[in-house]
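# An overview of the molecular structure
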Amino acid sequence: MAVYETFQRKFVVHMKLMILLSVLAVALARPDDGFYDNKYDSFNVKEVIGNIRLLKAYVLCFQSKGKCTPEGTVFKNRIPEALESECGKCTEKQKTMVAEVMKAIIELLPAEWDELVKIYKTNGQNLKDITPFIEKYAPK
């Protein structure tokens, strides 16, 4: 009987430890507040929008017509969700960066912007009027 009680106590202790570790693992695996990570927050947007050839290269990446840099691939993969949620998973800094790039494409490459809109509408994206977003995060 003593062996069974010892086994039972050890089993209960182990189960409690396993439950505690499971809860801790879930808590640590959860992304912070549901935002995109800040890995690219130091990305030099001013360099991109200040260089028409570089901006056009990113647009070609987003249109699947040109090569993508590693960053371009990440940005391209986030476009559908960002369009659906008005950049809902973006931090304030990321919203500013996105708005500045969109504003530059609209102003400097309007035909390419129109094509991007067509591509994402065709892919079923819910495109809203982005003017208020740009005015808020990339004012003149």
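The rules behind the values
Residues numbered from 1 in each chain as written. Predicted model: local features only at pLDDT ≥ 70, side-chain atom pairs only at ≥ 80, totals over all residues. Heavy atoms only, no water. Helix = DSSP H or I, 4+ residues; strand = E, 2+ residues; numbered from the N terminus. Buried < 20%, exposed > 50% of the residue type's maximum accessible area, 1.4 Å probe, protein only. 1 Å grid on protein atoms, 1.4 Å probe; cavity = no way out; pocket = protein on both sides within 12 Å on 5 of 7 lines; lining within 4 Å. Points joined across faces, edges and corners; volume = space filled by probe spheres on them. Nonpolar A, V, L, I, M, F, W, Y, C, P; charged D, E, K, R; others polar.

Per an unreviewed UniProt entry, the protein goes by Putative odorant-binding protein A10 and derives from Papilio machaon.

Next up on the list: the environment of Gly-50. Structurally, Gly-50 can be placed in the loop between helix H2 (45-49) and helix H3 (52-62). Since its relative accessible area comes to 66%, Gly-50 is described here as exposed. Along the sequence, Gly-50 and Ala-104 sit 54 residues apart, while their C-alpha atoms lie 8.7 Å from each other.

By volume, the largest pocket amounts to about 840 Å³. The wall of the largest pocket is formed by 37 residues, among which Phe-75, Ile-79, Ala-82, Val-98 and Met-102 lie closest to the centre. For the lining of the largest pocket, the elements supplying multiple residues, two or more each, are H2, H3, helix H4 (70-85), helix H5 (92-108), helix H6 (110-122) and helix H7 (131-137). Sort the elements by how many residues they give to the lining of the largest pocket and H5 lands first, with 7 residues. For the lining of the largest pocket, the class distribution of residues is 27 nonpolar, 3 polar and 7 charged.

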